[in-house]
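# Observations on the three-dimensional arrangement
Given next are the chains, with one letter for each unit.
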Amino acid sequence: MSAVNSIGIIGAGAMGQGIAQIAAQAGYMVRLFDVREAAITQAQDQLGKIWARQVERGRMSPEQVQQAQTNLIACTDLAQMSDVDLVVEAIVENLTVKQDLFKQLESIVSDTCILASNTSSLSITAIAQACEKPNRVAGFHFFNPVALMKVVEVIEGLRTDSSVCDQLVIIAKKMGHTPVRAKDMPGFIVNHAGRPMNIEGLKIAQEQVADFATVDAIMREQAGFRMGPFELMDLTALDVSHPVMESIYNQFYQEPRFRPSPITAVRYAGGILGRKTGEGFYRYVDGQKQLPETLPAPEHKAGLKVWLAPLHPEGYARAHALLSTLDIVLLETEEAPDDALIVVTPYGEDVATVVANFGLDAARTVALDTAFGLETGRRRVVMRSLLTDDAWTESAVALFASDGTEVSVIEDSAGFVAQRLVASIVNGACDIAQQGIATAEDIDTAVSLGLGYPHGGPLSVGDHVGGDLLLEILQSMQFVTGDMRYRPSLWLQRRVQLGVSLRTTR
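Attention here is on the structure that accompanies the text. Computed from a predicted model, the values in this text were never measured in an experiment.

### Details of the packing of aromatic side chains
- Considering all chains together, one arrives at 6 aromatic pairs under this definition.
- Measuring from centroid to centroid gives 4.9 Å for F212 and F281, while their planes differ by 75°, and the two rings are edge-to-face. Taken as a pair, F212 in helix α9 (residues 212-221) and F281 in the loop between α12 (262-269) and β9 (283-285) lie far apart in primary sequence, 69 residues in all.
- Chaining the aromatic ring pairs together yields one cluster made of F212, F230 and F281.
- Directly above the aromatic system of Y282 lies the positively charged group of K289, at a separation of 4.9 Å from the ring centroid.
- The ring of W491 carries R495 above its face, with NZ or CZ at 3.4 Å from the centroid.

### A look at the sheet that holds strand β12 (residues 329-331)
- What the 6 strands build is an open sheet, ordered β12-β11-β13-β14-β15-β16; its pairing is mixed. Edge positions in the open sheet fall to β12 and β16 (407-410), since each of these has one partner strand only. When the angles between neighbouring strand axes are averaged without regard to direction, this sheet yields 30°.
- As judged from the 4 bridges shared by strand β15 (residues 380-384) and β16, these two strands associate in the parallel manner. Bridge pairing links R380 to V407 in β16.
- Where helix α13 (residues 313-323) meets the sheet, its contacts fall on β11 (305-308), β12, β14 (365-368) and β15, and the angle it forms with β11 comes to roughly 160°.

### Some remarks on the nonpolar core
- If you look at the biggest cluster of nonpolar residues, it comprises 107 residues, and the most contacted ones within it are M219, I410 and V422.
- With 10 residues, helix α16 (residues 418-434) is the single largest residue contributor to this core.
- Discounting residues that sit within four places of it in the chain, M219 has contacts with M197, G224, F225, G228, P229, A418, L421, V422 and I425.

### Topic: a positive patch on the surface
- Positive charge collects at one region of the surface, where K49, R53, R57 and R59 lie side by side.
- Overall, R57 belongs to the exposed group, its relative accessible area being 53%.

### Let's talk about the environment of Q44
- Take Q44: it is sitting in helix α2 (residues 37-56).
- Along the sequence, Q44 and L32 sit 12 residues apart, while their C-alpha atoms lie 9.5 Å from each other.

### Some remarks on the pairing of strand β1 (residues 6-10)
- Counting buried positions along β1 yields 5 of 5 residues, so the element is predominantly enclosed.
- Here β1 shows no split at all, with S6, G8 and I10 on one side and I7 and I9 on the other all buried.
- Pairing geometry for β1 and strand β2 (residues 29-33), over 5 bridges, is parallel. Along β2, the bridge assignment pairs I10 with F33.
- For the handedness criterion, the β-α-β arrangement of β1, helix α1 (residues 14-25) and β2 is classed as right-handed.
- In this structure, β1 lies alongside strand β4 (residues 86-89), joined through 4 bridges in parallel fashion. Residue pairing for β4: I7 is matched across the bridge by L86.

Rules used in this analysis
- Residues numbered from 1 in each chain as written.
- Predicted model: local features only at pLDDT ≥ 70, side-chain atom pairs only at ≥ 80, totals over all residues.
- Heavy atoms only, no water.
- Phe/Tyr/Trp six-rings, centres within 6.5 Å; stacked < 30°, edge-to-face > 60°.
- Helix = DSSP H or I, 4+ residues; strand = E, 2+ residues; numbered from the N terminus.
- Lys NZ or Arg CZ within 6 Å of the ring centre and 35° of its normal.
- Pairing = 2+ DSSP bridges.
- Axes fitted to C-alpha atoms, helices over the stretch in contact; angles between N-to-C directions.
- Contact = heavy atoms within 4.5 Å.
- Core = buried A, V, L, I, M, F, W, Y, C linked by side-chain atoms within 4.5 Å.
- Buried < 20%, exposed > 50% of the residue type's maximum accessible area, 1.4 Å probe, protein only.
- Patch = residues over 30% accessible without salt bridge, like charges linked within 9 Å, V, L, I, M, F, W, Y side chains within 5 Å.
- Areas by Shrake-Rupley, 256 points an atom, 1.4 Å probe, with all protein chains shown as cover.
- Salt bridge = Lys/Arg side-chain N within 4 Å of Asp/Glu carboxyl O.
- Lys, Arg positive; Asp, Glu negative; His and termini not counted.
- Charge placed at Lys NZ, Arg CZ, Asp CG, Glu CD.
- Right-handed = clockwise from strand over helix to strand, strands pointing away.

So yeah, pure geometry; function would need other evidence.
If you want it as structure tokens, here you go:
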């Protein structure tokens, strides 16, 4: 297949405009098409402003901007695509409309022209089915804003010639983006891998384990993510994220891991969409998120007796190291005295299960999440059961906040908050790898660049936390809840059994 020198872009909305920008800057001859002349004019005006700012900030020279503007030609006649080497479609997410467009393009472009779709949710194979030459149809999925989101998914349909995707990889790199390759499956990589964060966060809120702000704070300040699920959904807006949840759930034939939540269904129906409507999971005043007021931690009383249950070796060791530095009486007795706070450190279990299994006093028992470290400054999470006495909960909060560290209190939950979310995120990425939708390297790259997950992506997060601990968390959560959404991926299970990295491939 010949080299690509000219690119036609169909649709002058935000995505089409962004793709046109980086293509023109990369030296490609670009034809930006839209049936609406006003949309073309608006796109040209917006690109002019963007390039002017680039010059002001020293990121482009006036000569580079002049060249980019020369490279870009606006058009409202589809016939002007007749001699381009690649067409990228960025129009409405409707299969019939896209199929009709591609059929029309086939009667205009050359036999060697590549036809690519920027679809985020539709099957490339289904789009190509309408074409006489389905082997030249591929997915080329950019993310908004295109110039800043430096990842692009290159999707191979069942009939796509692999050389087409090879060309798109080259083009993406020339545009300054990082290409990742994916098979044609619902959600591709990023939208597929991003489901567990939102879905599990919603499940936690639905179970009344913690409020939206607490869940987000835990994911940021305990698990180390850039944003929590509710901040993220407010940013993307529910008119985008809720339909994607439903679409992926249904396209995977009601796979429990992707089960949506009625919380977003109700908010979506009511137009409570997020930042752009001024109200979502948070309220926004002048664009600023309004947070609920937080009370200072109670004062820790020296001499508190604490009995740390030696039930989980890793959790016990981590909690013991912290408690040994705090101003308490740490008891090493075989059983908990009647006047001591009982601290347990479960992985994937809830307080009620631990209390029932080991005959502990429920009124004095709290759980401490040790899975993500307990160093000073990293938010700590205390979990109580429905029988934990308020006075003992207050003592636990005072204790774990006594070195100046923020503490969140949550209600009983198999897997706390961060354990549930991170285990679900890693498990979902493992299943993408197990299905061969993308390589382990591309999964991590796509999700790190597309969603900003820490440690280089979800599989690397799994290695960082510990695949063995995450497997234990998932198995325990599935046992406690009976929910198949928590069943461990075979990719995760086998690599833990063999003692290798979650990024290990054959």
